[in-house]
Amino acid sequence: MATAPFVSTGALPPRDRMQALVDAALDRFAALGDGRVADYIPALGRADPKGFGIAVVGSSGDAVTAGDCHQRFSIQSISKPFVFALIVQAIGAEAARAKLGVNATGMAFDSVIAIELGDVRATNPMVNAGAIAAASLLPGDTADAKWGFLVEGLSRFAGRTLEVDAEVYESESATNLRNRGIAALLHSYGKLGIEPEAALDIYTRQCALSVTVMDLAAMAATLANGGVNPVTRAHVVEADVARRVLAVLTVSGLYERSGDWLFDIGLPGKSGVSGGILSAAPGKGGMGAWSPPLDSAGNSVRGKAVTRFLSDALGLNLFASQPAAVDGGA
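Just so it is clear, the model here is predicted, and its values are computed rather than measured.

Asker: Account for the overall build of the chain, with residues named and values stated.
Answerer: When its secondary structure is counted, the chain shows 13 helices and seven strands. For the chain, the C-alpha radius of gyration of 19 Å lies close to 20 Å, the compact-globule estimate for 330 residues. Projecting the C-alpha coordinates of the chain onto the three principal axes gives extents of approximately 65 × 45 × 40 Å. Within the chain, the fraction of its 330 residues that count as buried is 54%. A separation of at least 24 residues holds for 70% of the contacts in the chain among residues at least 6 apart in sequence. In the chain, 27 positive and 32 negative side-chain charges are present, and the distance between their average locations comes to 2 Å.

Rendered as structure tokens:
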């Protein structure tokens, strides 16, 4: 397929300037005390509310970090766009849209009503219903084969082999009653490719994959870089796949707060209840942040503040522009 003639271009500032801005963001928002750590999953409730890390990876492969950049945490819902990318790569964009949907629900991430009201039923791959359905559609004849495909794919996005946090997996498996209901409802509508218990287990395990902020930034940068990991240079998905995933992230990555996110930050983004958050600037790079205290919608308070600060400071907002210079008089 011929390369599209018009693509997002540009570059992040020099590495020393990026480092200074990331350090400034850490200093500015470390004392922010709003939000509370998620405790409906017991293992997450034990996170240190003072934990705070930031990473930026450019499409050139340059990376800068600050704070708790080596701290590992579970990826949670941030896994959703990357599993969706694997599905689009495997079955095609139109088949993925028909099976999973791409429109925002305007409702909470675990809404059951959204399934009943939506024509596609699975709603979209960024909410729990669509993500459980996506897990069931992964290539493979067995649940184990599907899981192996998922781990290999997400590891290529991150640039290293990802592993499951067993404590988080067991804690989520013991408390995911609502997701069990969602999986059963999807099964009743014929939206799952395997039995609901197996689909839910894959989804629960993917959410328990352990990552760092550097992993998140590299994963976001891979989507921003046309599907090529800028650190490892691995070709993870096609550029058209990355483009479509970023479009869905823009619409529904922050659930019912996606409009506010775009209004303030202007980037495709995704958050998780462990405190992780990422955003992608097409053609330029990706950002990752981690801080466990969450707002009422389940998004990291410090992570949102950092992303807004860096989006402005690095000139990343997709909707920002200045009037073109015009020669001559009116």
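Asker: Give a description of the nonpolar core that names residues and reports values.
Answerer: If you look at the biggest cluster of nonpolar residues, it comprises 63 residues, and the most contacted ones within it are Phe82, Phe84, Ile132, Leu150, Leu154, Phe157 and Leu223. Residues in contact with Ile132, not counting those within four places in the same chain, are Asn179, Ile182, Ala183, Leu186, Leu192, Ala199, Leu200 and Tyr203. Grouped together as the second largest cluster of nonpolar side chains are 26 residues, Phe29, Val64, Ala66 and Ala305 included.

Asker: Quick rundown of the pairing of strand S2 (residues 63-67)? Include the residues and the values.
Answerer: A regular strand carries its side chains on alternate faces of the sheet. Pairing geometry for strand S1 (residues 53-58) and S2, over five bridges, is antiparallel. By the bridge assignment for S2, Val56 is matched with Val64.

Asker: So what's going on with the packing of aromatic side chains? Which residues, and what values?
Answerer: Enumeration according to the criterion identifies three aromatic pairs in this entry. Judged by centre distance (6.0 Å) and plane angle (75°), the rings of Phe29 and Phe309 are edge-to-face. With Phe29 in helix H1 (residues 15-29) and Phe309 in helix H13 (residues 301-313), the pair connects residues that are 280 residues apart, well separated along the chain. Considered together, Phe29 and Phe309 belong to a single accessibility category, that of buried residues. Above the plane of the ring of Trp147 lies Arg205, whose end atom (NZ or CZ) is 4.6 Å from the centre. Seen from the ring of Phe52, Arg302 lies directly overhead, with NZ or CZ sitting 5.7 Å from the centre.

Asker: Got a sec to walk through the pattern of salt bridges? Specific residues and values, please.
Answerer: As enumerated under the stated definition, the model contains ten salt bridges in all. Linking Arg160 and Asp215 is a salt bridge whose minimum nitrogen-to-oxygen distance equals 2.8 Å. Within this pair, whereas Arg160 is found in the loop between helix H6 (143-158) and helix H7 (166-175), its partner Asp215 is found in helix H10 (residues 213-224), the two being separated by 55 residues in sequence. Owing to a relative accessible area of 24%, Arg160 belongs among the partly exposed residues under this scheme. For Asp215, a relative accessible area of 3% translates into the label buried. Asp264 serves as the salt-bridge partner of Arg308, at 3.7 Å between the closest nitrogen and oxygen. Residue Arg308 is found in helix H13, and its partner Asp264 is found in helix H12 (residues 258-264); the two are separated by 44 residues along the sequence. With a relative accessible area of 30%, Asp264 lands in the partly exposed category. One salt-bridge network, held together by shared partners, links Asp240, Arg243 and Arg244.

Asker: Pulling in residues and values, what's your account of the sheet that holds S2?
Answerer: The strand order S2-S1-S7-S6-S5 describes an open sheet built from five strands, whose pairing is antiparallel. The sheet is open, and its two borders are formed by S2 and strand S5 (269-271), each paired with just one other strand. Across the sheet, the mean angle separating the axes of adjacent strands is 10° when strand polarity is ignored. As defined by bridge partners, strand S6 (residues 276-281) adjoins strand S7 (residues 285-290) across six bridges and the pair is classed as antiparallel. Bridging from a neighbouring strand, Ala281 pairs with Gly285 of S7.

Asker: Lay out the side chain of Lys146 with the relevant residues and their values.
Answerer: Residue placement: Lys146 occurs in helix H6. Only 3.3 Å separates the side chain of Lys146 from the backbone oxygen of Gly140, close enough to count as a polar contact. Once residues within four sequence positions are removed from consideration, Lys146 is found in contact with Ala135, Ser136, Leu137, Leu138, Pro139, Gly140, Ile194 and Ile202.

Asker: Quick rundown of the packing of helix H5 (residues 128-136) against helix H9 (residues 196-207)? Include the residues and the values.
Answerer: Two numbers describe how H5 lies on H9: the axes approach to 8 Å, and their chain directions differ by 110°. Relative to H9, H5 is oriented roughly perpendicular. In this structure, H5 contributes Asn128, Ala131, Ile132, Ala135 and Ser136 to the contact, and H9 contributes Ala199, Leu200, Ile202, Tyr203 and Gln206. Class assignment of the residues belonging to the contact of H5 with H9 gives a composition of seven nonpolar, three polar and no charged.

Asker: Could you give an account of H9, with specific residues and numbers?
Answerer: Because an α-helix completes one turn every 3.6 residues, residues spaced three or four positions apart along the sequence face the same direction. Its twelve residues place the ends of H9 17 Å apart at the C-alpha level, agreeing with the 16 Å of an ideal helix rising 1.5 Å per residue. Burial of H9 is extensive: nine of the twelve residues sit out of reach of the surface. Three or more residues of H9 are buried, namely Pro196, Ala199, Leu200, Ile202, Tyr203, Thr204, Arg205, Gln206 and Cys207. Among the structural elements, strand S3 (73-74), helix H2 (80-91), H5, H6, H7 and helix H8 (177-188) are those in contact with the buried residues of H9.

Asker: Quick one: what's the story with the pairing of S1, residue by residue and with numbers?
Answerer: Counting buried positions along S1 yields six of six residues, so the element is predominantly enclosed. Neither face of S1 is exposed, since Gly53, Ala55 and Val57 on one face and Ile54, Val56 and Gly58 on the opposite face are all buried. Counting the residues between successive antiparallel strands, the hairpin from S1 to S2 contains four residues, one of them, Gly61, with a positive phi of roughly 100°.

What counts, and at which threshold
Residues numbered from 1 in each chain as written. Predicted model: local features only at pLDDT ≥ 70, side-chain atom pairs only at ≥ 80, totals over all residues. Heavy atoms only, no water. Helix = DSSP H or I, 4+ residues; strand = E, 2+ residues; numbered from the N terminus. Rg over C-alpha atoms; globule rule 2.2 N^0.38 Å. Buried < 20%, exposed > 50% of the residue type's maximum accessible area, 1.4 Å probe, protein only. Contact = heavy atoms within 4.5 Å. Lys, Arg positive; Asp, Glu negative; His and termini not counted. Charge placed at Lys NZ, Arg CZ, Asp CG, Glu CD. Core = buried A, V, L, I, M, F, W, Y, C linked by side-chain atoms within 4.5 Å. Pairing = 2+ DSSP bridges. Phe/Tyr/Trp six-rings, centres within 6.5 Å; stacked < 30°, edge-to-face > 60°. Lys NZ or Arg CZ within 6 Å of the ring centre and 35° of its normal. Salt bridge = Lys/Arg side-chain N within 4 Å of Asp/Glu carboxyl O. Axes fitted to C-alpha atoms, helices over the stretch in contact; angles between N-to-C directions. Polar contact = N/O pair within 3.5 Å; in protein donor to acceptor, adjacent residues only side chain to side chain. Parallel < 35°, antiparallel > 145°, perpendicular 65-115°, else oblique. Nonpolar A, V, L, I, M, F, W, Y, C, P; charged D, E, K, R; others polar. Expected span 1.5 Å × (residues − 1).

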